[in-house]
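# Residue-level structure breakdown
Residue-level listing of the chains:
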Amino acid sequence: MLGTKKISAGGPSKDRARIGQSVAQRLDANPRMQPALVGAAQAYYHLDFLDPAQCDTLIRVIDSNRRPSTLLSDRPEREDYGFRTSDSCDMDRWSPDVQPIDNSIADLLGLPAVCGETMQGQRYAPGQQFRAHHDFFHENQAYWPEMRRSGGQRTWTAMIYLNDVEEGGATWFPEAGLRVAPRRGLLLAWNNMSADGSPNTLTLHEGMPVVKGVKYIITKWFREGTWLRQ
């Protein structure tokens, strides 16, 4: 067990609710976007959002710059529990290989690019995983004041699979009833907030262990306010 400290996710927010509604309306109007969840949370997928050449380019970037993944948490026992065992890479958002993709994700969701965090690449070798977690910030954690100053709560997450995986490596939302297997170029996006703008605990998800092969993904998180300071 990972400890008993109560986690506070935060309360409703009209601004976050408005963001959720706006993005959902945009995605519902896009014939390339398909709903992945109905009722429990807002989630959508887009097949072949990236082409094979783009995927291969981002895989090379990840392999050239990867480091052990870290956690944003007040719970140090997670480090010993093998909670997140992948490698990560912070992408250069101004790179000519990255910026067009970065901007295309923001445009797809209809969110200002300045609300997007640095796009992160992840590599999962056999046996590596990211145990069940939320992408939104827990507001009673020590990191929250800094997160609030740097754009506030996370709203939407966009994740793209860069390759097919021989076995394992699915993204699983156990409480919402969704499991997505890696597929090259597939984009999966979900709203971390509920309809009233409060953090949606049903978005709990995990990167299941890879059994055979290596999994590559990129993840883009968006804040309710401005993250990028120019």
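So, here's what we can say about the structure. Fair warning: this is a prediction, and the values are worked out from it, not measured in the lab.

About the criteria used
- Residues numbered from 1 in each chain as written.
- Predicted model: local features only at pLDDT ≥ 70, side-chain atom pairs only at ≥ 80, totals over all residues.
- Heavy atoms only, no water.
- Helix = DSSP H or I, 4+ residues; strand = E, 2+ residues; numbered from the N terminus.
- Buried < 20%, exposed > 50% of the residue type's maximum accessible area, 1.4 Å probe, protein only.
- Contact = heavy atoms within 4.5 Å.
- Areas by Shrake-Rupley, 256 points an atom, 1.4 Å probe, with all protein chains shown as cover.
- Lys, Arg positive; Asp, Glu negative; His and termini not counted.
- Charge placed at Lys NZ, Arg CZ, Asp CG, Glu CD.
- Polar contact = N/O pair within 3.5 Å; in protein donor to acceptor, adjacent residues only side chain to side chain.
- Pairing = 2+ DSSP bridges.
- Phe/Tyr/Trp six-rings, centres within 6.5 Å; stacked < 30°, edge-to-face > 60°.
- Axes fitted to C-alpha atoms, helices over the stretch in contact; angles between N-to-C directions.
- Salt bridge = Lys/Arg side-chain N within 4 Å of Asp/Glu carboxyl O.
- Core = buried A, V, L, I, M, F, W, Y, C linked by side-chain atoms within 4.5 Å.
- Parallel < 35°, antiparallel > 145°, perpendicular 65-115°, else oblique.
- Nonpolar A, V, L, I, M, F, W, Y, C, P; charged D, E, K, R; others polar.

To continue, consider the overall build of the chain. What the chain contains, in helices and strands, is 5 helices and 14 strands. Considering the chain as a whole, with its 230 residues, one finds that 52% of them fall into the buried category. Long-range contacts, defined as pairs at least 24 residues apart, comprise 78% of the intrachain contacts of the chain with a sequence gap of at least 6. Carbon together with sulfur atoms contributes 50% to the accessible area of the chain, which is approximately 10600 Å² in total. Averaging the locations of the 27 positively and 27 negatively charged side chains of the chain gives two centres separated by 3 Å.

With respect to the secondary-structure elements, Ser86 resides in the loop between helix 3 (77-80) and strand 4 (87-90). A distance of 2.7 Å separates a polar atom in the side chain of Ser86 from a polar atom in the side chain of Ser69. Excluding anything up to four places from it in sequence, Ser86 contacts Arg67, Pro68, Ser69, Arg123, Tyr124, Gln128 and Gln129.

In this sheet, strand 2 (residues 43-46) lies alongside strand 1 (residues 34-37) in antiparallel orientation, the contact comprising 3 bridges. Within the sheet, the bridge partner assigned to Pro35 lies in strand 2 and is Tyr44. The hairpin turn running from strand 1 into strand 2, its antiparallel successor, is 5 residues long, and Gly39 in that turn takes a positive phi close to 100 degrees.

Time to look at unusual backbone geometry. Although it is not a glycine, Asp48 adopts a positive phi angle of roughly 55 degrees. Of note, Asp48 is situated in the loop between strand 2 and helix 2 (52-65). On the basis of relative accessible area, Asp48 is assigned to the partly exposed category, the value being 46%.

Our next topic: the packing of aromatic side chains. Following the criterion strictly, the structure yields 5 aromatic pairs and no others. Taking the centre distance of 5.1 Å and the plane angle of 85 degrees together, the rings of Phe173 and Trp190 count as edge-to-face. Note that Phe173 is positioned in strand 9 (residues 171-173) and Trp190 in strand 11 (residues 187-191), a separation of 17 residues in sequence. An identical accessibility class is assigned to Phe173 and Trp190; each is buried.

Our next topic: the sheet that holds strand 12 (residues 205-207). Ordered by their spatial adjacency, 4 strands build an open sheet running 6-12-9-10, and the pairing between neighbours is antiparallel. At either margin of the open sheet sits one strand with a lone partner, and together these are strand 6 (130-133) and strand 10 (178-180). Mean inter-strand twist for the sheet, computed between neighbouring axes without regard to direction, equals 10 degrees. Alignment of strand 6 against strand 12, held across 2 bridges, turns out to be antiparallel. Each residue of the ladder has a partner; that of Phe130, found in strand 12, is Gly207.

Here the structure, examined in full by the defined rule, presents 13 salt bridges. Where Arg26 meets Asp107, a salt bridge forms, and the shortest distance between an N and an O atom there is 3.5 Å. Separated by 81 residues along the polypeptide, Arg26 in helix 1 (residues 14-28) and Asp107 in helix 4 (residues 99-109) bring together distant segments of the chain. Residue Arg66 pairs with Asp87 through a salt bridge whose shortest N-O separation is 2.4 Å.

Another point: the nonpolar core. Burial of nonpolar side chains together is a common tendency in soluble globular proteins. Counting 31 residues, the largest nonpolar core has Leu50, Ile105, Trp156, Leu162 and Ile218 as the members making the most contacts within it. Broken down by secondary-structure element, the contributors of at least two residues to this core are helix 1, helix 2, helix 4, strand 7 (154-161), strand 11 and strand 14 (215-223). When residues in this core are grouped by element, the largest group, 5 residues, is from helix 4. With 18 residues, the next largest nonpolar core counts Leu37, Ala43, Phe83 and Val210 among its residues.

The contact between helix 1 and helix 4 brings their axes to 8 Å, and the two run at 95 degrees. Our classification of the angle between helix 1 and helix 4 gives roughly perpendicular. Between helix 1 and helix 4, the contacting residues are Val23, Arg26 and Leu27 on the first element and Asp107, Leu108 and Leu109 on the second. Across the contact of helix 1 with helix 4, the residue classes tally to 4 nonpolar, no polar and 2 charged.

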